[in-house]
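# Structural overview for review
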Amino acid sequence: MKPLHESKFKVRGKTWKLKVYSDRDYNEIYEDDDSIATTEPVSKELVFPVQGCTLPTIRHEVVHILFEYLRLGSTTDMSISDLEEIVAEFVSNEWEEIHKLSKGIYRKVKGYKV
């Protein structure tokens, strides 16, 4: 299936692909997934259905991308207070990058309406 939109963007020197599909096509591609967007860290792709092209959803996916660069390893045995500290530190250090990336991606896809 051909995406409605396809472009590239950079995160920390790495090239990522941005794809937007019609809602129907997205649901066919990700039929076992009830998400509103998908971050594929191995292939470095950020994929949205048209209904997912909102700034809050884009921010959510950008956080997934940046979390990949934390290299946390297993967090199975982590306490809530440890997790809270990691998230607080992450947001305080990465907010500008989250905001900049999200706004740039949103500018590329905001024309796609439900």
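Quick summary incoming for the structure in this document. (Residues numbered from 1 in each chain as written. Predicted model: local features only at pLDDT ≥ 70, side-chain atom pairs only at ≥ 80, totals over all residues. Heavy atoms only, no water.)

### Some details on the pattern of salt bridges
- Inspection of every chain in the model, using the stated rule, returns 5 salt bridges.
- Put simply, Arg 12 and Glu 97 hold a salt bridge, and the shortest N to O gap is 3.0 Å. Placement of the pair is Arg 12 in the loop between β1 (5-11) and β2 (14-21) and Glu 97 in helix α3 (residues 80-109), with a sequence separation of 85 residues.
- Beyond isolated ion pairs, a larger network of salt bridges with shared partners links Arg 12, Glu 94 and Glu 97. (Salt bridge = Lys/Arg side-chain N within 4 Å of Asp/Glu carboxyl O. Helix = DSSP H or I, 4+ residues; strand = E, 2+ residues; numbered from the N terminus.)

### Re the packing of helix α2 (residues 55-68) against α3
- At their nearest, the axes of α2 and α3 sit 8 Å apart, and the two run at 125 degrees to each other. Compared by their axis directions, α2 and α3 come out oblique. When the axes of α2 and α3 are compared, the crossing they make is right-handed. Between α2 and α3, the residues in contact are Leu 55, Ile 58, Arg 59, Val 62, Val 63, Leu 66 and Phe 67 and Val 87, Phe 90, Trp 95, Glu 97, Ile 98, Leu 101, Ser 102, Lys 103, Ile 105, Tyr 106 and Val 109, respectively.
- Partitioning the contact of α2 with α3 into residue classes produces 14 nonpolar, 1 polar and 3 charged. (Axes fitted to C-alpha atoms, helices over the stretch in contact; angles between N-to-C directions. Parallel < 35°, antiparallel > 145°, perpendicular 65-115°, else oblique. Left-handed = near helix turned anticlockwise from the far one by under 90°. Contact = heavy atoms within 4.5 Å. Nonpolar A, V, L, I, M, F, W, Y, C, P; charged D, E, K, R; others polar.)

### A look at unusual backbone geometry
- Even without glycine at this site, Arg 12 takes up a positive phi of about 50 degrees.
- Overall, Arg 12 belongs to the partly exposed group, its relative accessible area being 39%.
- Of note in the backbone geometry, Lys 44 takes a positive phi value of approximately 55 degrees without being a glycine.
- Within the secondary structure, Lys 44 sits in the loop between β3 (38-40) and β4 (45-49). (Buried < 20%, exposed > 50% of the residue type's maximum accessible area, 1.4 Å probe, protein only.)

### Side note on a negative patch on the surface
- A surface patch of negative charge is lined by Glu 31, Asp 32, Asp 33 and Asp 34.
- Among the structural elements, Asp 32 can be located in the loop between α1 (23-29) and β3. (Patch = residues over 30% accessible without salt bridge, like charges linked within 9 Å, V, L, I, M, F, W, Y side chains within 5 Å. Areas by Shrake-Rupley, 256 points an atom, 1.4 Å probe, with all protein chains shown as cover. Lys, Arg positive; Asp, Glu negative; His and termini not counted. Charge placed at Lys NZ, Arg CZ, Asp CG, Glu CD.)

### Overview of the sheet that holds β4
- As summarised here, the arrangement of the 4 strands in space is β1-β2-β4-β3, forming an open sheet in which the pairing is mixed. Because the sheet does not close on itself, it has two edges, and the strands there are β1 and β3. Adjacent strand axes in the sheet meet at a mean angle of 20 degrees, parallel and antiparallel pairs treated alike.
- In the packing of α2 onto the sheet, the strands contacted are β1, β2, β3 and β4, and the crossing angle to β4 comes to about 160 degrees.
- Sitting on the sheet, α3 touches β1, β2 and β4, and the angle it makes with β1 is about 165 degrees. (Pairing = 2+ DSSP bridges.)

What is shown is where atoms sit, not what they do.
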